[in-house]
Each structure stands twice: as C-alpha cells, then as structure tokens.
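Residue-level listing of the chains:
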Amino acid sequence: MQCTGSGSMPKETYFCTMLIQDGYAEKGMRRQLVQILKDKGISDEKVLQAIEKIPRHLFVDSALKELAYKDMALRIAAGQTISQPYTVAFQTQMLRIKKGDKVLEIGTGSGYQAAVLLECGAKVYSIERQKELFDKTKVFLAQLGYAPKMVFGDGYKGLPGYAPFQKIVITAAAPVIPEALLEQLAPGGLMSIPFGEGDQQKMILVEKLADGSFTQTEMGDFRFVPMLHGTQRP
Ligand code: SAH
C-alpha cells in the first residue's frame with residue numbers, strides 16, 4: 001500500500017492507494033499451492049477455493065512477494081507473522097465452517113485468516129492487540145472488499161458483547177486455554193487453539209457439548225508466535 005500526505009494532515013485523511021495486481025502468474029502459483037495443500041491432507045472444498053481465490057501476495061510486504069505462494073509463514077509488521085498456508089487451511093478445516101457461523105479470531109495479524117473465513121461464508125469478528133497492525137490491516141482488508149468486525153484489544157478477554165460464537169480460532173500460541181473464550185463458545189461450538197509455550201505447540205480442538213462440558217482432541221504439532229496479554233501501541 002502506498003500512502004501520501006503531509007505531516008500536518010491527520011493520518012486518516014492521507015490518500016492511500018493499493019496496487020491490486022493479481023495476474024496469471026499469481027493465479028497459477030495459487031493453483032499450485034492448493035495442490036500442495038491437497039497433498040498434505042486438506043480436503044475441505046470451501047477452504048481450498050478460498051485459498052485459490054485470495055491474493056496472498058498482497059498480504060505480505062512487496063519484498064516477500066516471491067515467497068507468498070510457498071507453503072511458509074512470513075514476517076509481517078510489528079515482528080509478527082502471517083501463518084503458513086497449511087496452518088491456516090488446517091485450522092479453518094478443523095472448525096467445519098458453515099455459512100453464517102459467527103467466528104471469533106484471536107490475532108488478526110495480516111488479515112489473511114480472516115479473509116479465508118469470510119470466503120468460507122463465516123461472519124467474522126477478529127481481535128488484534130498490536131495497534132500498528134490493527135490500523136494497517138483494517139484499511140487493507142477494506143480495500144480488498146473484506147469487512148470483518150475488527151476490534152483492537154486483548155484476545156484473552158474475547159468479545160463478550162458479541163458472544164456466543166459458533167467457532168473460535170486462536171492464531172497465536174496460548175499458554176492456557178482462556179476461560180473467557182470457553183464461556184463465549186456456543187453449545188455445540190468448536191475452538192482451534194495452538195496450546196503451549198516454547199518452540200512448538202499442540203493444536204487442540206475444543207468442543208463445547210450441549211450440556212456445557214468440553215472435550216479436547218490433539219491435532220498435531222504447529223509453531224506460532226506467542227499470545228500475549230494486554231495491548232500494544234507503537
Ligand atoms: N491470523 C494472522 C496470524 C497473525 S500472527 C494472519 O492470518 O496473518 C498472530 C497475531 O496474534 C499477531 O498479530 C499478534 O499481535 C496477535 N496476538 C497475540 N496475542 C494476542 C492477544 N492477546 N489478543 C489479540 N491478538 C494477539
């Protein structure tokens with residue numbers, strides 16, 4: 001994205017343009033990425049179609065554009081990462097998204113996971129604790145035509161005013177399963193949570209049963225940046 005304006009203007013009035021360049025080369029690379037994800041076991045057609053459609057190269061810095069369709073996590077602003085496409089696809093598939101599901105995402109980051117959820121037909125609420133990323137991603141997603149409900153805040157608290165959620169996806173490594181998020185999950189709801197500190201996390205699928213009790217299923221090892229407390233401004 002390119003923004004121009006003078007220092008004396010309020011930032012909101014800057015003129016911002018994004019070069020939405022999405023050609024045959026990018027589309028071809030996305031088809032290859034979808035094949036890689038299929039080979040790794042992703043079979044949810046809605047998820048695969050979302051990945052085939054969304055221009056991931058626009059979610060990363062232009063210097064990393066060449067790597068955007070490799071199945072790898074990449075650096076974004078504020079020392080954070082855009083998750084590996086396989087991880088995004090895996091977490092989305094785990095949640096068995098149905099059209100109209102209310103989904104809460106913790107960790108908006110680049111907005112890519114939110115875009116995938118929207119393309120799958122979910123109504124998306126997303127929380128980000130880093131102000132710099134929050135501001136940047138809000139403008140960017142709107143330019144691409146995506147409009148999740150975005151909140152600057154601490155994901156440990158969830159969004160009680162919008163609960164219950166049919167699905168919750170945490171996209172940072174959680175050292176505990178946040179109590180507030182368990183409460184905000186609808187009966188019959190599913191939560192995907194990368195659990196644990198250190199280098200590697202266990203992906204856990206939490207299901208809230210009709211009687212309000214929970215089951216947990218381990219779904220394999222993944223790596224995430226940590227889920228931190230509170231909010232951060234630059
Ligand atoms: N879903 C993102 C992945 C971003 S990485 C994407 O598709 O690009 C994880 C993000 O979680 C980071 O942006 C980080 O700032 C954010 N985060 C970490 N702890 C958080 C918390 N307690 N509440 C909200 N966001 C949090």
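Residues numbered from 1 in each chain as written. Predicted model: local features only at pLDDT ≥ 70, side-chain atom pairs only at ≥ 80, totals over all residues. Heavy atoms only, no water.

**Points about the pairing of strand 10 (residues 201–208)**
Alright, step 1. Counting buried residues along strand 10, six of its eight residues qualify, which places the element largely inside the surrounding structure.
Alright, step 2. Sheet topology note: the strand 9 (residues 185–195)/strand 10 ladder contains six bridges and is antiparallel. Counterpart to Ile 193 in the pairing with strand 10 is Ile 204.
Alright, step 3. Relative to strand 11 (residues 214–222), strand 10 runs antiparallel, the two being bridged by seven bridges. (Buried < 20%, exposed > 50% of the residue type's maximum accessible area, 1.4 Å probe, protein only. Helix = DSSP H or I, 4+ residues; strand = E, 2+ residues; numbered from the N terminus. Pairing = 2+ DSSP bridges.)

**So, the pattern of salt bridges**
Alright, step 1. As enumerated under the stated definition, the model contains eight salt bridges in all.
Alright, step 2. Asp 22 serves as the salt-bridge partner of Arg 30, at 2.8 Å between the closest nitrogen and oxygen.
Alright, step 3. Look at Arg 30 and you get buried, because its relative accessible area is 1%. (Salt bridge = Lys/Arg side-chain N within 4 Å of Asp/Glu carboxyl O.)

**Thoughts on unusual backbone geometry**
Alright, step 1. For the peptide bond that leads from Ala 163 to Pro 164, omega is 5 degrees, which places it in the cis range.
Alright, step 2. Looking at where Pro 164 falls in the secondary structure, it is placed in the loop between strand 7 (149–152) and strand 8 (165–170).
Alright, step 3. Unlike most non-glycine residues, Ala 78 shows phi in positive territory, near 60 degrees.
Alright, step 4. Here Ala 78 falls in the partly exposed class, since its relative accessible area comes to 25%.
Alright, step 5. In this structure, Arg 96 is a non-glycine residue whose phi angle is positive, near 45 degrees.
Alright, step 6. By the secondary structure assignment, Arg 96 is in the loop between helix 3 (85–94) and strand 5 (102–106).

**What about the nonpolar core?**
Alright, step 1. Grouped together as the largest cluster of nonpolar side chains are 47 residues, with contacts concentrated most on Leu 37, Ile 42, Ile 51, Ile 54, Phe 59, Tyr 112 and Val 116.
Alright, step 2. Secondary-structure elements contributing two or more residues to this core are helix 1 (24–39), helix 2 (45–53), helix 3, helix 4 (112–119), helix 5 (131–144) and strand 10.
Alright, step 3. Once residues lying within four places of it in the same chain are set aside, the contact partners of Tyr 112 are Ile 51, Ile 54, Arg 56, Phe 59, Ile 82 and Val 88.
Alright, step 4. Listed in part, the 21 residues of the second largest apolar core include Leu 159, Ile 170, Leu 182 and Met 191. (Core = buried A, V, L, I, M, F, W, Y, C linked by side-chain atoms within 4.5 Å. Contact = heavy atoms within 4.5 Å.)

**Quick look at the packing of aromatic side chains**
Alright, step 1. Inspection of the entire model under this criterion finds eight aromatic pairs.
Alright, step 2. Geometrically, the ring pair formed by Phe 59 and Tyr 112 is edge-to-face, given 5.4 Å between the ring centres and 85 degrees between the ring planes. Of this pair, Phe 59 sits in the loop between helix 2 and strand 3 (74–75) while Tyr 112 sits in helix 4; the two residues are 53 residues apart in sequence, bridging distant segments of the chain. Take Phe 59 and Tyr 112: they sit in the same class, and that class is buried. (Phe/Tyr/Trp six-rings, centres within 6.5 Å; stacked < 30°, edge-to-face > 60°.)

In short, geometric facts, not functional conclusions.
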